[in-house]
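Now for the letters of each chain:
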Amino acid sequence: MRHVLWMALFASLTAVVFGVVAKGSDRQRLIYGLKVFAEFIVIAFILGWILYFLPLH
Amino acid sequence: MVTREIDRSAAKAPGRAWMLALGAWAVPGLGHLAQRKWARGLLLGGVVWVMFFTGLALGGHLFRISGNDQGFSALLQLLPMSANFGAGLLYIFCWLTNTGFVEQAQRVTYEYGNTFLLVAGLLNYLAMLDAFDIAAGRKQ
């Protein structure tokens, strides 16, 4: 569980910077930041499940 | 006459912009705060500072090229070191006080710490470019 929290913290901090430096109106940048955050989380979960099923041990 | 004045002001901007970019690199957030972009400065600077100290707290380590690294091994250190270097004076302070350069691979959060430290520097490069663009008049 703690790993997910660190990952979420990383995703949120990175999304803040991406949202702030993006071009467009405040609303567009807010949506972009939220999109970046969601992409980080979704992709991390997908990769996590792929790795779970791989016989790595 | 008017064109000359515009040209002169455009020629002046880059010098100031370079100084602000240097300030933005040295102290995360300073480049925007110096241009009175308070919210941007606090957000960008705050994120870099938080990421850097979280990275250290998680047991991550900073990279540098030491005398022991030779040939290809030295090159492998160069890329992560340049990412860490983006944190500006935070990195230089750690380098001078030899803080955060010890590997703590036994800690569970070691890799998270490394990633936080690397990305803190990279995000500060982004913030630095943003401050430069604003100072040069390329961005609002």
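Fair warning: this is a prediction, and the values are worked out from it, not measured in the lab. (Residues numbered from 1 in each chain as written. Chains lettered and ligands numbered in written order. Predicted model: local features only at pLDDT ≥ 70, side-chain atom pairs only at ≥ 80, totals over all residues. Heavy atoms only, no water.)

**Some details on the overall build of chain B**
And then number 1: The helix and strand tally for chain B stands at 6 helices and 0 strands.
And then number 2: Secondary structure elements of chain B occur, N-terminal to C-terminal, as α-α-α-α-α-α.
And then number 3: The burial tally for chain B puts 44% of its 140 residues in the buried class.
And then number 4: Across chain B, the fraction of contacts at a sequence separation of at least 24, relative to all contacts at a separation of at least 6, is 73%.
And then number 5: When the accessible surface of chain B is summed, it comes to about 7900 Å², and 66% of that surface belongs to carbon and sulfur atoms.
And then number 6: Each charge class in chain B was averaged separately, 11 positive and 7 negative side chains, and the resulting centres sit 12 Å apart. (Helix = DSSP H or I, 4+ residues; strand = E, 2+ residues; numbered from the N terminus. Buried < 20%, exposed > 50% of the residue type's maximum accessible area, 1.4 Å probe, protein only. Contact = heavy atoms within 4.5 Å. Areas by Shrake-Rupley, 256 points an atom, 1.4 Å probe, with all protein chains shown as cover. Lys, Arg positive; Asp, Glu negative; His and termini not counted. Charge placed at Lys NZ, Arg CZ, Asp CG, Glu CD.)

**What about the interface of chain A and chain B?**
A common way to state how big an interface is: give the accessible area lost once the parts meet.
And then number 1: Facing 15 residues of chain A, the contacting portion of chain B comprises 18 residues.
And then number 2: Summed over both sides, the interface of chain A with chain B buries roughly 1500 Å², with 83% coming from carbon and sulfur.
And then number 3: At the junction of chain A and chain B, the tally comes to 0 salt bridges.
And then number 4: Scanning the region where chain A abuts chain B turns up 2 residue pairs in polar contact (both at pLDDT 80 or more).
And then number 5: Per element, the largest residue contribution to the side of chain A that touches chain B is 12 residues, and it comes from helix H1 (residues 2–21) of chain A.
And then number 6: In terms of residue class, the side of chain A that touches chain B is built from 11 nonpolar, 2 polar and 2 charged. (Buried area = accessible area lost by both parts, 1.4 Å probe. Salt bridge = Lys/Arg side-chain N within 4 Å of Asp/Glu carboxyl O. Polar contact = N/O pair within 3.5 Å; in protein donor to acceptor, adjacent residues only side chain to side chain. Nonpolar A, V, L, I, M, F, W, Y, C, P; charged D, E, K, R; others polar.)

**Remarks on the pattern of salt bridges**
And then number 1: Counting across every chain of the model gives 4 salt bridges over all chains.
And then number 2: With a closest N to O distance of 2.8 Å, Asp-26 of chain A and Arg-29 of chain A form a salt bridge. You can see Asp-26 of chain A and its partner Arg-29 of chain A sitting in helix H2 (residues 26–53), 3 residues apart, about one turn around the helix.
And then number 3: For Asp-130 of chain B, the salt bridge goes to Arg-40 of chain B, with nearest N and O atoms at 2.7 Å. With Asp-130 of chain B in helix H6 (residues 110–135) and Arg-40 of chain B in helix H3 (residues 38–57), this pair connects stretches of sequence that are 90 residues apart.
And then number 4: The class of Asp-130 of chain B is buried, set by a relative accessible area of 3%.
And then number 5: Given the relative accessible area of 12%, Arg-40 of chain B is considered buried.

**Some thoughts on the packing of aromatic side chains**
And then number 1: This model, assessed by the stated rule, comprises 11 aromatic pairs over all chains.
And then number 2: Between the aromatic rings of Phe-10 of chain A and Phe-116 of chain B, the centroid separation amounts to 5.6 Å while the plane-to-plane angle is 65 degrees, which identifies the pairing as edge-to-face. Of this pair, Phe-10 of chain A sits in helix H1 while Phe-116 of chain B is found in helix H6, placing the two residues in two different chains.
And then number 3: Under the relative-accessibility criterion, Phe-10 of chain A is labelled buried at 16%.
And then number 4: On the accessibility criterion, Phe-116 of chain B (1% relative accessible area) is buried.
And then number 5: Ring pairing ties together the aromatic residues Trp-25, Phe-85, Tyr-91 and Phe-101 of chain B, which thus form one cluster. (Phe/Tyr/Trp six-rings, centres within 6.5 Å; stacked < 30°, edge-to-face > 60°.)

**Describing the nonpolar core**
And then number 1: Grouped together as the largest cluster of nonpolar side chains are 23 residues, with contacts concentrated most on Met-51, Phe-52, Leu-62 and Leu-123 of chain B.
And then number 2: For this core, the secondary structure elements donating two or more residues are H1 of chain A together with H3, helix H5 (89–96) and H6 of chain B.
And then number 3: For this core, the element with the most residues is H6 of chain B, which contributes 6 residues.
And then number 4: The residues touching Leu-123 of chain B, leaving out its near neighbours within four places in the chain, are Thr-14, Val-17 and Phe-18 of chain A together with Val-47, Val-48 and Met-51 of chain B.
And then number 5: Among the nonpolar cores identified, the runner-up in size contains 10 residues, and Ala-17, Ala-21, Ala-24 and Ala-131 of chain B belong to it. (Core = buried A, V, L, I, M, F, W, Y, C linked by side-chain atoms within 4.5 Å.)

**Quick notes on H6 of chain B**
And then number 1: With 26 residues, H6 of chain B should cover 38 Å at 1.5 Å per step; its first-to-last C-alpha distance of 38 Å lies within 8% of that length.
And then number 2: Of the residues one or two after H6 of chain B, Gly-137 of chain B is the one with positive phi, at around 80 degrees. (Expected span 1.5 Å × (residues − 1).)

**A look at the side chain of His-61 of chain B**
Residues and elements named next belong to chain B.
And then number 1: Relative to the elements of secondary structure, His-61 occurs in the loop between H3 and helix H4 (72–85).
And then number 2: For His-61, a relative accessible area of 5% corresponds to the buried category.
And then number 3: Of the polar contacts made by the side chain of His-61, one reaches the side chain of Tyr-110; its length is 3.5 Å.
And then number 4: Once residues within four sequence positions are removed from consideration, His-61 is found in contact with Asn-84, Gly-100, Phe-101, Val-102, Glu-103, Tyr-110, Asn-114 and Leu-117.

Honestly, that's just the spatial picture; any functional story needs more than this.
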